Amino acid sequence: MTADTLDELEQEADALTSALAGEPVWFTVDGTRWGIRHPSTEEYDDAINIQNIARRRALAAPEAQDVRGLPCSPDERDMFETLLRATQERLKGVPHGSLEQRNLLARLARLQKMVAERTLADELADERALVARDRYLTLRLLVDAAGAQVFDVYDPAVKRAWEKFSMKVKNAARSAVWLVMQVIENIPFASEPPAKSS
């Protein structure tokens, strides 16, 4: 293992630790530190809605029709087959009849269907939808090194500021967005129960 690989693993572990603690996921571009904070429920819901709309639009575009009958790329197929194998492996250690087993079996069925039916149009539409979601969230969740919000989405000048903002930072922020979304969607959190009224 090289020093670069160890540094990358340490950075990923630090980012995951931050995300699990509800803190921003930090990343650095050209020596400047940035972060992606956790979204509010409304921001999360809006981002998923944006993703779904972008996917539908991409699938309806003429260029998607041109590739609808083509299979997904080999890399995409490999990714889904890796997910299938990992899900099958997880199933081996799960108690029969448990909720976890039912959830994993449902996931396995979804993945098998996707591998069988996924087209290049689906792949390209999903890529476009993820970019739309990630850009939406980056605009709203990006913080500077001090933890201050970078963009005020209610400021009329925000669109111009966003368009002039570094594409390098926008692209780098996507990994942090993905990590925050993975934590939110896949890792159960214990939260304090609401205060009881007296």
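Residues numbered from 1 in each chain as written. Predicted model: local features only at pLDDT ≥ 70, side-chain atom pairs only at ≥ 80, totals over all residues. Heavy atoms only, no water.

1. Regarding helix α6 (residues 120-141)
An α-helix turns once per 3.6 residues; consequently, residues spaced three or four apart project the same way.
Okay, step 1: Under the 1.5 Å per step criterion, the end-to-end length of α6 is 31 Å for 22 residues, consistent within 8% with the ideal 32 Å.
Okay, step 2: The residue sitting at the N-terminus of α6 and contributing the capping side-chain oxygen is Thr119; that oxygen lies 3.3 Å from the backbone nitrogen of Ala121. (Helix = DSSP H or I, 4+ residues; strand = E, 2+ residues; numbered from the N terminus. Expected span 1.5 Å × (residues − 1). Polar contact = N/O pair within 3.5 Å; in protein donor to acceptor, adjacent residues only side chain to side chain.)

2. Here we look at the sheet that holds strand β2 (residues 32-36)
Okay, step 1: Read across the open sheet, the 3 strands follow the order β1-β2-β3; overall the sheet is antiparallel. Both outer strands of the open sheet, β1 (25-29) and β3 (142-143), are each paired with one neighbouring strand and no more.
Okay, step 2: Across 2 bridges, β2 lies against β3 in antiparallel orientation. Bridge pairing in β3 links Gly35 to Val143. (Pairing = 2+ DSSP bridges.)

3. Focus: the pairing of β2
Okay, step 1: When β1 meets β2, the two strands line up antiparallel, connected through 5 bridges. Bridge assignment links Val29 to a residue of β2, and that residue is Thr32.

4. A closer look at the packing of aromatic side chains
The geometry of an aromatic ring pair comes down to the distance between the two centres and the angle between the two planes.
Okay, step 1: For the coordinates displayed, the defined rule picks out 4 aromatic pairs.
Okay, step 2: When the ring of Phe151 is compared with that of Phe165, the centres are 5.1 Å apart and the planes differ by 85°; the resulting orientation is edge-to-face. You can see Phe151 sitting in the loop between β3 and α7 (158-164) and its partner Phe165 sitting in the loop between α7 and α8 (167-186), a full 14 residues away along the chain. Here the two residues Phe151 and Phe165 agree in accessibility, since each one is buried.
Okay, step 3: An aromatic cluster of three or more residues is present, and its members are Trp34, Phe151, Trp162 and Phe165.
Okay, step 4: In this arrangement the basic side chain of Arg33 is found over the ring face of Trp26, its NZ or CZ atom lying 4.0 Å from the centre.
Okay, step 5: The cationic tip of Lys170 hangs over the ring face of Trp162; the distance from NZ or CZ to the ring centre is 4.3 Å. (Phe/Tyr/Trp six-rings, centres within 6.5 Å; stacked < 30°, edge-to-face > 60°. Buried < 20%, exposed > 50% of the residue type's maximum accessible area, 1.4 Å probe, protein only. Lys NZ or Arg CZ within 6 Å of the ring centre and 35° of its normal.)

5. Here we look at the confidence of the model for the protein
Okay, step 1: On average, residues of the protein score 87 in pLDDT, and 83% of them reach the 70 mark or higher.
Okay, step 2: Per-element mean pLDDT across the protein ranges from 59 in helix α1 (residues 3-20) up to 98 in β3.
Okay, step 3: Below a pLDDT of 50 lies the segment residues 190-195, which in the model reaches 0 contacts outside its immediate sequence neighbourhood of four places, other chains included. (pLDDT = per-residue confidence, 0-100. Contact = heavy atoms within 4.5 Å.)

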